[in-house]
Amino acid sequence: MSLRIVFMGTPDFAVPTLVEIVGRGHEVVAVYTRAPKPAGRRGLDLTPSPIEREARRFALPVLTPTTLRGADAEGIARGHGADVAVIVAYGLILPKPILEAWPLGAFNLHASLLPRWRGAAPINRAIMAGDLDTGVMVMKMEAGLDTGPIAMAERVPIASDATAGDLHDRLARLGADLMVRALGAMERGSLTLTPQPEAGATYASKIGKDETRISWARPWQEVHDHIRGLAPFPGAWFDIAGEGTRIKVLRTTKGEGTGVPGTVLDDQLTVACADGAVRILELQRAGRQAMKAGEFLRGTSVAVGTRLG
């Protein structure tokens, strides 16, 4: 017998899970997502979230509350008559009465190997920290921040040049499969929960604007990890002396050579760091499309010896 499910999610990362749940024949009785955002020059147009667009494609009922606190929100949640809630990057706090609104509880898909990288930006933080592997976990939610017991997990290696965007897409697909497997075990009554250890807990705080400028004075590996951990969004950036235009770096690899940090070493956009160098493979000027380094250099003169700020 299929489960009656309330789905809560907002960004692209959550879409594969919703699609898989519907495809496996579960009954999604309601979809909660963040309200549409203002768009356009005057902010008069409203852009629905990726989950809202997908839910409407399946003709599923969509709710966009601004808060889940209060008796009204709790009453609506219980009124769906669902067995369980599935949460994937929803974006609103779920108070205890909401977490307890469904007989089987609320289960969250989280993009890290908990207890490492609890919080808002686990994919970015794992790469920025130079982690060699990460994964996805299905956990039963409780009042603490990503502290609930684990139902299922999958571990994956992080490739040496993988960006946050690359890892995001891989984990979204893997997580969708993991969640439907967990729901299948739940239907059979065979899902087991394991408490998280407290040892090794780290917090993946939201990326701040003050973290995005590239510091070439760091070792090459740290510069490389910083760049790929912020690519494609929000993007690590530099400017060329005298231009004042921010240029986002979207993809790098290990370069050859040494020099004063921030100095361009060759005609392939290899840039010196504190030790070693990184070679820029892809980048983007403000307001322009992303482009390969070779294409960028055909339109922008960056001589050997130029200092990047």
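Keep in mind that what you see is a predicted model, and the values were worked out from it rather than measured.

## Re the overall build of the protein chain
Counting its regular elements, the protein chain contains 8 helices and 16 strands. When its C-alpha atoms are laid out on the principal axes, the protein chain stretches across 65 × 50 × 30 Å. Counting the 309 residues in the protein chain, one finds 48% classified as buried. For the protein chain, contacts bridging at least 24 residues in sequence account for 65% of all contacts bridging at least 6. When the accessible surface of the protein chain is split by element, carbon and sulfur atoms take 52% of a total near 14800 Å². Here the protein chain carries 36 positive and 33 negative side-chain charges, and the mean point of each set is 4 Å from the other.

## Re helix H6 (residues 164-188)
Here H6 contains 25 residues, and its C-alpha end-to-end distance of 35 Å stays within 8% of the 36 Å for a straight helix at 1.5 Å per residue. With its phi angle positive at about 75°, Gly189 sits one or two positions after the end of H6.

## Structural notes on the pattern of salt bridges
Side chains that differ in sign of charge can pair as their charged atoms come close. Evaluated as defined, the whole model comprises 18 salt bridges. The salt bridge involving Glu74 is made with Arg78; its shortest N-O contact spans 3.2 Å. Taken as a pair, Glu74 and Arg78 lie in helix H3 (residues 71-79) at a separation of 4 residues, close to a single helical turn. The exposure class assigned to Glu74 is partly exposed, which follows from its relative accessible area of 24%. In this structure Arg78 comes out as partly exposed when scored by relative accessible area, which is 42%. Here Asp166 makes a salt bridge to Arg251, at a shortest N to O gap of 3.0 Å. On the criterion of sequence distance, the pair formed by Asp166 in helix H6 and Arg251 in strand S13 (residues 246-255) is long-range, its members being 85 residues apart. Each of Asp166, Arg251, Glu282 and Lys292 takes part in a single network of salt bridges with overlapping partners.

## Brief notes about the packing of helix H1 (residues 15-23) against helix H2 (residues 50-57)
Contact geometry for H1 and H2: axes closest at 9 Å, N-to-C directions at 20°. When the axes of H1 and H2 are compared, the pair comes out roughly parallel. Crossing hand, H1 versus H2: right-handed. From H1, Val15, Leu18 and Val19 reach across to H2, where they touch Pro50, Ile51, Glu54, Ala55 and Arg57.

## Focus on the packing of aromatic side chains
Here a ring pair, both rings aromatic, is described through the centre-centre distance and the interplanar angle of the planes. Taken as a whole and assessed by the stated rule, the structure comprises 1 aromatic pair. Lying across the ring of Phe58, Arg57 places its NZ or CZ 4.6 Å from the centre. Over the aromatic face of Trp237 sits the side chain of Arg246, whose NZ or CZ is 3.9 Å from the ring centroid.

Criteria and thresholds
- Residues numbered from 1 in each chain as written.
- Predicted model: local features only at pLDDT ≥ 70, side-chain atom pairs only at ≥ 80, totals over all residues.
- Heavy atoms only, no water.
- Helix = DSSP H or I, 4+ residues; strand = E, 2+ residues; numbered from the N terminus.
- Buried < 20%, exposed > 50% of the residue type's maximum accessible area, 1.4 Å probe, protein only.
- Contact = heavy atoms within 4.5 Å.
- Areas by Shrake-Rupley, 256 points an atom, 1.4 Å probe, with all protein chains shown as cover.
- Lys, Arg positive; Asp, Glu negative; His and termini not counted.
- Charge placed at Lys NZ, Arg CZ, Asp CG, Glu CD.
- Expected span 1.5 Å × (residues − 1).
- Salt bridge = Lys/Arg side-chain N within 4 Å of Asp/Glu carboxyl O.
- Axes fitted to C-alpha atoms, helices over the stretch in contact; angles between N-to-C directions.
- Parallel < 35°, antiparallel > 145°, perpendicular 65-115°, else oblique.
- Left-handed = near helix turned anticlockwise from the far one by under 90°.
- Phe/Tyr/Trp six-rings, centres within 6.5 Å; stacked < 30°, edge-to-face > 60°.
- Lys NZ or Arg CZ within 6 Å of the ring centre and 35° of its normal.

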